[in-house]
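Architecture and fold: a report
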Amino acid sequence: AVADRRPPLFRVIFEGDMTTFGFGGEFFENDANLNLGQSFAYLAEAKRNRYNPHSNLQFINYGEVDTTLKVLMDRWHILYKNRRPCMVSLLVGIDDVVQARKKGGTFDASQYESTLTAALQEMRTDRPDIGAMLCTVAVFKTRSSIVEDQYDGFMRDVAALNAAISATASKLRLPLVDFAKRFQQEFDR
């Protein structure tokens with residue numbers, strides 16, 4: 001028998017909220033046509049299939065609707081134990097903004113940055129073998145997504161969220177993906 005000489009699987013988990021979910025994730029885990037959803041994970045898989053279809057990369061979409069940073073932190077240990085990722089891509093925060101605004105307040109970017117930084121430092125301590133990259137969030141204005149009179153305030157909160165994510169990436173020396181820019185580039189092709 002010939003020994004299998006392929007390199008070990010490099011598993012990348014896309015973790016996040018509705019943007020990551022993209023109508024995919026575990027909800028459709030038994031349907032290979034839908035399990036990545038129509039999301040950032042889907043775009044990464046499409047690139048891999050086009051340029052290096054025989055690579056040892058495996059992409060998993062673990063996005064879920066209504067995932068705030070707190071929800072994400074509550075499930076991280078389960079995620080790392082069960083999915084054994086080599087890399088985690090985090091695209092989360094928009095639901096934190098939405099929930100703050102629904103409660104009649106504004107988004108607390110400094111608290112978000114502190115919590116995200118502490119969570120990532122804990123992950124590095126618990127599992128130094130797992131890499132991480134952060135993604136800024138994107139909001140594309142649609143008539144149904146945000147009431148017109150709330151749009152400007154919402155976008156200020158989104159800008160504050162993205163600044164907090166960028167600051168965390170810089171502070172921890174993590175790769176940062178400008179999701180809005182990358183998403184638009186894919187659509188412009």
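See the structure above.
Residues numbered from 1 in each chain as written. Predicted model: local features only at pLDDT ≥ 70, side-chain atom pairs only at ≥ 80, totals over all residues. Heavy atoms only, no water.

1. Some thoughts on the overall build of the chain
Of regular secondary structure, the chain possesses seven helices and five strands. In the chain, the order of α-helices and β-strands from amino to carboxyl end is β-α-α-β-α-β-α-α-β-α-β-α. Burial status across the chain gives 42% buried among its 189 residues. Of the contacts made within the chain by residues no fewer than 6 positions apart, 76% connect residues no fewer than 24 positions apart. With the model as given, the accessible surface of the chain reaches about 11,100 Å², and the carbon-plus-sulfur share is 53%. (Helix = DSSP H or I, 4+ residues; strand = E, 2+ residues; numbered from the N terminus. Buried < 20%, exposed > 50% of the residue type's maximum accessible area, 1.4 Å probe, protein only. Contact = heavy atoms within 4.5 Å. Areas by Shrake-Rupley, 256 points an atom, 1.4 Å probe, with all protein chains shown as cover.)

2. Description of the environment of Gln-111
In this fold, Gln-111 is placed in helix 5 (residues 109-126). Look at Gln-111 and you get partly exposed, because its relative accessible area is 45%. Taking the C-alpha atoms as reference, Gln-111 lies 9.0 Å from Ala-164; in sequence the two are 53 residues apart.

3. Some details on the sheet that holds strand 1 (residues 10-16)
Ordered in space as 2-1-3-4-5, the five strands form an open sheet in which the pairing is parallel. With partners counted over all chains shown, the strands left at the sheet margins are strand 2 (57-61) and strand 5 (176-178), one partner each. The average undirected angle you get between the axes of adjacent strands in this sheet is 20°. Both strand 1 and strand 3 (residues 87-91) contribute to a ladder of five bridges, which runs parallel. (Pairing = 2+ DSSP bridges. Axes fitted to C-alpha atoms, helices over the stretch in contact; angles between N-to-C directions.)

4. So, the side chain of Ser-55
By the secondary structure assignment, Ser-55 is in the loop between helix 2 (40-51) and strand 2. Note on Ser-55: relative accessible area 18%, which makes it buried. Only 3.4 Å separates the side chain of Ser-55 from the backbone nitrogen of Leu-57, close enough to count as a polar contact. (Polar contact = N/O pair within 3.5 Å; in protein donor to acceptor, adjacent residues only side chain to side chain.)

5. Some remarks on the nonpolar core
In terms of nonpolar packing, the biggest core is built from 38 residues, with Trp-76, Tyr-112, Leu-120 and Leu-134 touching the most fellow members. When contributions to this core are tallied by element, the ones reaching two or more residues are helix 3 (69-83), strand 3, helix 4 (94-102), helix 5, strand 4 (131-136) and helix 6 (151-172). When residues of this core are assigned to their parent elements, the largest contribution, seven residues, is made by helix 6. Excluding anything up to four places from it in sequence, Trp-76 contacts Glu-15, Leu-90, Ala-119, Leu-120 and Met-123. (Core = buried A, V, L, I, M, F, W, Y, C linked by side-chain atoms within 4.5 Å.)

6. With respect to helix 5
With 18 residues, helix 5 should reach 26 Å at 1.5 Å per residue; the first-to-last C-alpha distance of 26 Å fits that figure. Within the span of helix 5, buried status applies to Ala-109, Tyr-112, Glu-113, Leu-116, Thr-117, Ala-119, Leu-120 and Met-123. Each buried residue of helix 5 lies within a common arc of 165° when the element is viewed along its axis, so the set occupies one face. Among the exposed residues of helix 5, those oriented more than 90 degrees off its buried face are Ser-110 and Thr-125. (Expected span 1.5 Å × (residues − 1). Arc of directions from axis to C-beta.)

7. Considering the pattern of salt bridges
Evaluated as defined, the whole model comprises five salt bridges. Note that Lys-70 is salt-bridged to Asp-74, the shortest N-O span being 3.1 Å. With Lys-70 and Asp-74 both in helix 3 and four residues apart, the pair spans about one turn of that helix. Given a relative accessible area of 56%, Lys-70 falls into the exposed group. (Salt bridge = Lys/Arg side-chain N within 4 Å of Asp/Glu carboxyl O.)

8. Let's talk about the side chain of Thr-117
Considering the arrangement of structural elements, one finds Thr-117 in helix 5. Polar contacts involving the side chain of Thr-117 include one to the main-chain carbonyl oxygen of Glu-113, which spans 2.8 Å. Those residues in contact with Thr-117 that lie beyond four places of it in its chain are Thr-168, Lys-171 and Leu-172.

9. Some remarks on the pairing of strand 4
Of all six residues that make up strand 4, five are buried, and the element is covered over most of its length. Note: strand 3 against strand 4, four bridges, orientation parallel. When the bridges of strand 4 are listed, Val-88 appears paired with Ala-132. Note: strand 4 against strand 5, three bridges, orientation parallel. Along strand 5, the bridge assignment pairs Cys-135 with Val-177.

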